[in-house]
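What follows is each chain in one-letter form.
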Amino acid sequence: MKQIETIKSGNNYCAVNVGKVNEIIEHELPMGPDFTLKGKVFVGQAVGATGSELSFQTLMPGQDSGFLHTHKTHEELYIILKGEGQYQVDGEIFPVSEGTVIRVSPDGKRALKNTGSENLTMLCIQYKANAFTEADSPMTDGNILQEELKW
C-alpha cells in the first residue's frame, strides 16, 4: 500500500507527495471494518488544510465509485486528471475526460464511472458551501509582495 510522503513543512506550509498520477491506484482507504476503497487517498489532513479537504482517486476501466452520495454542508469540485468516463448528478449522466471540472452542491446525488480503456484519475476538492463572499475573490484577497524572488 502506497503512503503519503511528507516532503517539507514549516510554520506556514506543508508539502506532501502522493506519488505519480499512475500510482494513485496503489493507495488504499479503509472505509470500515469490512471495506477498503482501493485507489483513493485523502490529503487535506496530511497537509494541515483548514478550509477544505482534497482527495485523489483512480478508477480502473469499468469501475465506478461504488455508491451515490451527498454531503450535509460540503460542495465538491471534481477535476478529471486522466482518462474518460461518465459522471452522474441527480440522475443526469454526462461524459467526462481529462480537463473536465464538475462542481456539485451538497444535495447533489453524485457518482463517477470509468467507461474508458485506461485508468481514470480525478482530484476532488471539498469545502463548505456558500462560504466565499465577494471579499474572497482571488483579485481582492491576494497580496502581491514587493520582495525579490530568490531561487
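For the structure, see preceding data.
The structure contained in this document is the topic of the report that follows.

Conventions used here
- Residues numbered from 1 in each chain as written.
- Predicted model: local features only at pLDDT ≥ 70, side-chain atom pairs only at ≥ 80, totals over all residues.
- Heavy atoms only, no water.
- Helix = DSSP H or I, 4+ residues; strand = E, 2+ residues; numbered from the N terminus.
- Buried < 20%, exposed > 50% of the residue type's maximum accessible area, 1.4 Å probe, protein only.
- Contact = heavy atoms within 4.5 Å.
- Areas by Shrake-Rupley, 256 points an atom, 1.4 Å probe, with all protein chains shown as cover.
- Lys, Arg positive; Asp, Glu negative; His and termini not counted.
- Charge placed at Lys NZ, Arg CZ, Asp CG, Glu CD.
- Pairing = 2+ DSSP bridges.
- Axes fitted to C-alpha atoms, helices over the stretch in contact; angles between N-to-C directions.
- Patch = residues over 30% accessible without salt bridge, like charges linked within 9 Å, V, L, I, M, F, W, Y side chains within 5 Å.
- Salt bridge = Lys/Arg side-chain N within 4 Å of Asp/Glu carboxyl O.

### Quick notes on the overall build of the chain
Part 1 of the argument: Of regular secondary structure, the chain possesses two helices and twelve strands.
Part 2 of the argument: Along the first, second and third principal axes, the C-alpha set of the chain runs to 50 × 35 × 30 Å.
Part 3 of the argument: The buried share among the 151 residues of the chain stands at 30%.
Part 4 of the argument: Long-range contacts, defined here as pairs at least 24 residues apart, represent 58% of the contacts in the chain between residues at least 6 apart.
Part 5 of the argument: When the accessible surface of the chain is split by element, carbon and sulfur atoms take 51% of a total near 10300 Å².
Part 6 of the argument: Positive and negative side-chain charges of the chain, numbering 13 and 20 respectively, have mean locations separated by a distance of 4 Å.

### Focus on the sheet that holds strand β11 (residues 110-114)
Part 1 of the argument: One open sheet accounts for three strands, arranged β9-β8-β11; its pairing is antiparallel. Only two strands of the sheet have a single partner each, and these edge strands are β9 (92-97) and β11. For this sheet the average axis-to-axis angle between neighbouring strands, irrespective of direction, equals 25 degrees.
Part 2 of the argument: Bridge analysis of strand β8 (residues 84-89) against β9 gives six bridges, and the strand direction is antiparallel. Bridge pairing in β9 links V89 to E92.

### Remarks on a nonpolar patch on the surface
Part 1 of the argument: Where nonpolar side chains cluster on the molecular surface, the patch consists of M31, F35 and F67 and spans about 280 Å² of accessible area.
Part 2 of the argument: Residue placement: F35 occurs in strand β4 (residues 35-38).
Part 3 of the argument: According to the relative accessible area criterion, F35 is partly exposed, its value standing at 42%.

### Notes on the pattern of salt bridges
Part 1 of the argument: Using the criterion set out here, one finds three salt bridges in the structure.
Part 2 of the argument: Put simply, E23 and K2 hold a salt bridge, and the shortest N to O gap is 3.5 Å. Residue E23 is found in the loop between β2 (13-17) and β3 (28-32), and its partner K2 is found in the segment before β1 (5-10); the two are separated by 21 residues along the sequence.
Part 3 of the argument: A salt bridge links E75 to R103; its shortest N-O distance comes to 3.1 Å. Here E75 is found in strand β7 (residues 74-82), whereas its partner R103 is found in strand β10 (residues 101-104), with 28 residues between them in sequence.

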